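Listed below are the residues making up each chain.
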Amino acid sequence: MKIHNSILFHSTISSNNKQKNNYTVAIAGNPNVGKSTIFNALTGARQHTGNWTGKTVSNATGTFFYNNNKFVLVDIPGTYSLTSNSDEEQIAKNYLESNKADVTIIVLDATTLERNLYLVFQILEITSNVILCVNLLDEAEKKGIKININKLSESLGIPVVSTIAKKKKTLKKLVSTINDVCTKKIIITPFKSDFRNTETVKIENYIFKAETLCKDVCSFNKLNYDSFNRKVDKVLTSKKFGIPIMLLFLCLIFWLTIVGANYPSQLLSNFFDFLGTYLQNFLNYISIPNWIKDLLMNGIYKTLTWVIAVMLPPMAIFFPLFTLLEDLGYLPRISFNLDKCFHKACSSGKQAITMCMGFGCNAVGVCGCRIINSPREKLLAILTNSFIPCNGRFPFLISVATLFVGCYFSGIGSSFVSCLFVVLIVLLGIFLTLFISKVLSKTILKGTNSSFILELPSYRKPQLVQILTRSFLDRTIFILGRAISVAAPAGIVIWLFANIYIGDLSILTYTANFLNPFAQIMGLDGYILTAFILGLPANEIVFPLILMSYASKGYLVDSTDILNLKELLVSNGWTFITALNVMIFTLLHFPCATTLLTIKKETKSKKWTFFAFLLPTVCGITICIFTNLIWNLIF
Amino acid sequence: MNNNITLDKLPLNCSGIITNIRCDDITKRRIADLGLIPGSKIHAIMKSPFNDPTAFNFKKTVIALRQEDTKNIYINLIKENNYENP
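Computed from a predicted structure; not experimentally measured. (Residues numbered from 1 in each chain as written. Chains lettered and ligands numbered in written order. Predicted model: local features only at pLDDT ≥ 70, side-chain atom pairs only at ≥ 80, totals over all residues. Heavy atoms only, no water.)

Some points on the packing of aromatic side chains
All names here are of chain A.
And then number 1: Across all of its chains, the model carries 25 aromatic pairs over all chains by this definition.
And then number 2: Considering the side-chain rings of Phe 121 and Tyr 206, the 5.9 Å spacing of their centres and the 20° angle between planes classify their relative orientation as stacked. Residue Phe 121 is located in helix 3 (residues 113-126), and its partner Tyr 206 is located in helix 7 (residues 199-217); the two are separated by 85 residues in the primary sequence. The same class applies to Phe 121 as to Tyr 206, namely buried.
And then number 3: Centroid distance Phe 318 to Phe 319: 6.0 Å. Interplanar angle 70°. Geometry classified as edge-to-face. Comparing Phe 318 with Phe 319 shows no difference in burial state: the two are buried.
And then number 4: These aromatic residues form a ring-pair network of at least three members: Phe 254, Phe 318, Phe 319, Phe 322, Phe 359 and Phe 394. (Phe/Tyr/Trp six-rings, centres within 6.5 Å; stacked < 30°, edge-to-face > 60°. Helix = DSSP H or I, 4+ residues; strand = E, 2+ residues; numbered from the N terminus. Buried < 20%, exposed > 50% of the residue type's maximum accessible area, 1.4 Å probe, protein only.)

Pasting the structure below:
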């Protein structure tokens, strides 16, 4: 094998660089090397980043300007190679082969340079206009790894820049190089490899070539460079502590959410009450028909503010905490710890990661299933994702647990017991995920396990400020926005349901009465079931809808005052078993409309979407009937 | 003495050199994409709480593999116990 060591890339100076031009720049690279971080830093966008493999699952685009030129940046999913047939590799390969990009930046992880080089060789066979961006230099330095950037550039015949993506100023050189290549100031003539052999021999050639090159340009000064990671992993994945620590993290996150959300929720609700009286006065002042006033205040305003007061605080606490774990690199460890369970259930260990994402939002979890290579295992992960309660359902679970379980204890014990109860419900969800995966694998989705290859990245120090802004602005506000946009029309619908009378009864009562016999078998009542059905667009509004139906006049009762809520629920026949069944049905019912649409997009099949609708619903109904039966037999 | 074993028999904190990979083509391909081919050095680091999968260190990266796959990968055990990164 020859590695040429002759001329660098030729430089020519173009004269007309003042003209405004459009250029397309692609960002490729291995998974989890910081492509999205660079993308975000350059474009100011907020692509999802985190320390695990496979976050970016479709091409994202953004723009930035430099020297009067406009650059369109395309973030391509991370791949180890371009030759296997997984979805993200196809996306990456198709894009690069389409020649849409004027220049392709390949981001490399400085700590694992050798492995990263295989992809470089493969991309160089498709396109010549390539800039290497050696990222994570700070981490490499900590590990005692030194890389001779100039030598790397000389050996490959392409420009190489080094960056620390977290620090924006280190990206300057990258930007000017992109500009120079696009404006033909730099013309790249890489040394093409001349392998025309079969695929397998080719990859072996790449591996040898990378090894030689890496020996040439890298120096390693620390033998035990990742002893810190190994030490942490020894604890977090140990036989004794691995699983308990995971449960502890889960408990801790819920407990912080429950305790922390309580006070701000109350504050928000008081604020909205206060604002409400002013709005009411204003509406009285601009004399409009009473029914419109009622619709606006008791229909829309109450539902909206209730959703915000109940949803915002838990989300604003839960999401940053979850993002923190994600940034540290804990998610792949969860997958590593639990893989055996998923293996037994004939599914992929990576399902543990998509399951964790489901805690945030099931639609995101379903989308994330693309990281699973085998189509069969991917489908299993998609179908079972809604067994994990998303953030839209947490506040409901937490409220009900606090009202009907925590009430038997006082002080800090109360929040602790409520939290334990929520964890139990979540564990039921995880158990069912595994159980249903197993059942499906033995029946309609027969098949054997595909190989499981999971990278365990080094732990990274999380960027606290970024976590806060990102998780708050991107996730919290986004999901809240969705909830609000659904809550307003839902408020109107429930108001109309409650206020349009046929004979003596409102439509709401008719519907509830119709559903009631069936709901009673499940240990629920007709109003609860109606609320779940009306809450199909977004799970967040189910609880407000239940409360609204109960409140005598057909609109939401005053405030989120815990005691008042309990009185209202108890006076409508709620007992511990009602609460338990409501919690089970909250965990196990049809996914929300957004999730269903995502499932349809991912599976490209109406049949599977319908199945994904049916599966948790049937489970929920069965388990509710079962618990109700047992309870009634005992008590 | 026969040092030729399958990868799942590689004791923790020990290293081996891959001699043969007898997985199906797709798996072989995926493993090769990570830089694991006959001749590569591999080091066993840790096992998951339920004993499977095992995490291995090679090419400065840590990758977890299931026993199902590692039992089809043949290695030559290297006699050394000191921790050295392959």
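Back to the text.
Overview of the interface of chain B and chain A
And then number 1: Counting from both sides, the interface comprises 34 residues of chain B and, opposite them, 48 residues of chain A.
And then number 2: Taking both sides of the interface into account, the surface hidden between chain B and chain A amounts to around 3800 Å²; carbon and sulfur atoms contribute 59%.
And then number 3: At the surface where chain B touches chain A, the tally comes to three salt bridges.
And then number 4: Note that B:Arg66 is salt-bridged to A:Asp339, the shortest N-O span being 2.7 Å.
And then number 5: Run the count over chain B and chain A and you get eleven residue pairs in polar contact (both at pLDDT 80 or more).
And then number 6: When residues in the side of chain B that touches chain A are grouped by element, the largest group, six residues, is from helix 1 (residues 25-33) of chain B. (Contact = heavy atoms within 4.5 Å. Buried area = accessible area lost by both parts, 1.4 Å probe. Salt bridge = Lys/Arg side-chain N within 4 Å of Asp/Glu carboxyl O. Polar contact = N/O pair within 3.5 Å; in protein donor to acceptor, adjacent residues only side chain to side chain.)

Quick word on the pairing of strand 4 (residues 54-58) of chain B
Residue and element names in this part refer to chain B.
And then number 1: Buried residues dominate strand 4, accounting for five of its five residues.
And then number 2: The side-chain alternation of strand 4 yields two buried faces, one formed by Thr 54, Phe 56 and Phe 58 and the other by Ala 55 and Asn 57.
And then number 3: One ladder, built from four bridges, connects strand 3 (residues 41-47) with strand 4; its direction is antiparallel. Bridged to Lys 47 within strand 4 is Thr 54.
And then number 4: Turn length for the strand 3-strand 4 hairpin, with the two strands adjacent in sequence and antiparallel, is six residues, and the turn residue Asn 51 shows positive phi of about 75°.
And then number 5: Here five bridges tie strand 4 to strand 5 (residues 61-65), and the two strands are oriented antiparallel to one another. Following the sheet pairing, Ala 55 is matched in strand 5 by Ala 64. (Pairing = 2+ DSSP bridges.)

Considerations on the packing of helix 15 (residues 394-404) of chain A against helix 22 (residues 576-587) of chain A
All names here are of chain A.
And then number 1: Relative orientation of the contacting elements helix 15 and helix 22 amounts to 165°, with a least axis distance of 10 Å. Relative to helix 22, helix 15 is oriented roughly antiparallel. Seen along the crossing, helix 15 lies across helix 22 with a hand that is left-handed. Residue-level contacts link Phe 396, Leu 397, Val 400, Ala 401 and Phe 404 of helix 15 to Phe 576, Ala 579, Val 582, Met 583 and Thr 586 of helix 22.
And then number 2: Looking at the contact of helix 15 with helix 22 residue by residue, the classes come out as nine nonpolar, one polar and no charged. (Axes fitted to C-alpha atoms, helices over the stretch in contact; angles between N-to-C directions. Parallel < 35°, antiparallel > 145°, perpendicular 65-115°, else oblique. Left-handed = near helix turned anticlockwise from the far one by under 90°. Nonpolar A, V, L, I, M, F, W, Y, C, P; charged D, E, K, R; others polar.)

A look at a nonpolar patch on the surface
Residues and elements named next belong to chain A.
And then number 1: Residues Phe 271, Phe 274, Leu 275, Tyr 278, Leu 279, Phe 282, Tyr 285 and Ile 286 make up a contiguous nonpolar surface patch of about 860 Å² in total accessible area.
And then number 2: Structurally, Phe 282 can be placed in helix 9 (residues 242-285).
And then number 3: Residue Phe 282 is classed as partly exposed on the basis of its relative accessible area, which comes to 46%. (Patch = residues over 30% accessible without salt bridge, like charges linked within 9 Å, V, L, I, M, F, W, Y side chains within 5 Å. Areas by Shrake-Rupley, 256 points an atom, 1.4 Å probe, with all protein chains shown as cover.)

Observations regarding the pattern of salt bridges
And then number 1: For the structure shown, the criterion picks out 13 salt bridges over all chains.
And then number 2: Residue A:Asp233 is joined to A:Arg333 by a salt bridge in which the shortest nitrogen-to-oxygen separation is 2.9 Å. Linking A:Asp233 in helix 8 (residues 227-236) with A:Arg333 in helix 11 (residues 331-344), this pair joins segments that are 100 residues apart in sequence.
And then number 3: Linking A:Glu377 and A:Arg376 is a salt bridge whose minimum nitrogen-to-oxygen distance equals 4.0 Å.
And then number 4: It is possible to trace a salt-bridge network through shared partners that takes in A:Glu114, A:Glu211, A:Lys215 and B:Lys59.

Looking at the pairing of strand 2 (residues 22-29) of chain A
Residues and elements named next belong to chain A.
And then number 1: With seven of eight residues buried, strand 2 lies mostly within the body of the structure.
And then number 2: Sheet topology note: the strand 2/strand 4 (residues 69-75) ladder contains six bridges and is parallel. Across the sheet, the residue bridging to Val 25 is Leu 73, located in strand 4.
And then number 3: By the bridge criterion, five bridges tie strand 2 to strand 5 (residues 103-109) in an arrangement that is parallel. When the bridges of strand 5 are listed, Gly 29 appears paired with Val 107.

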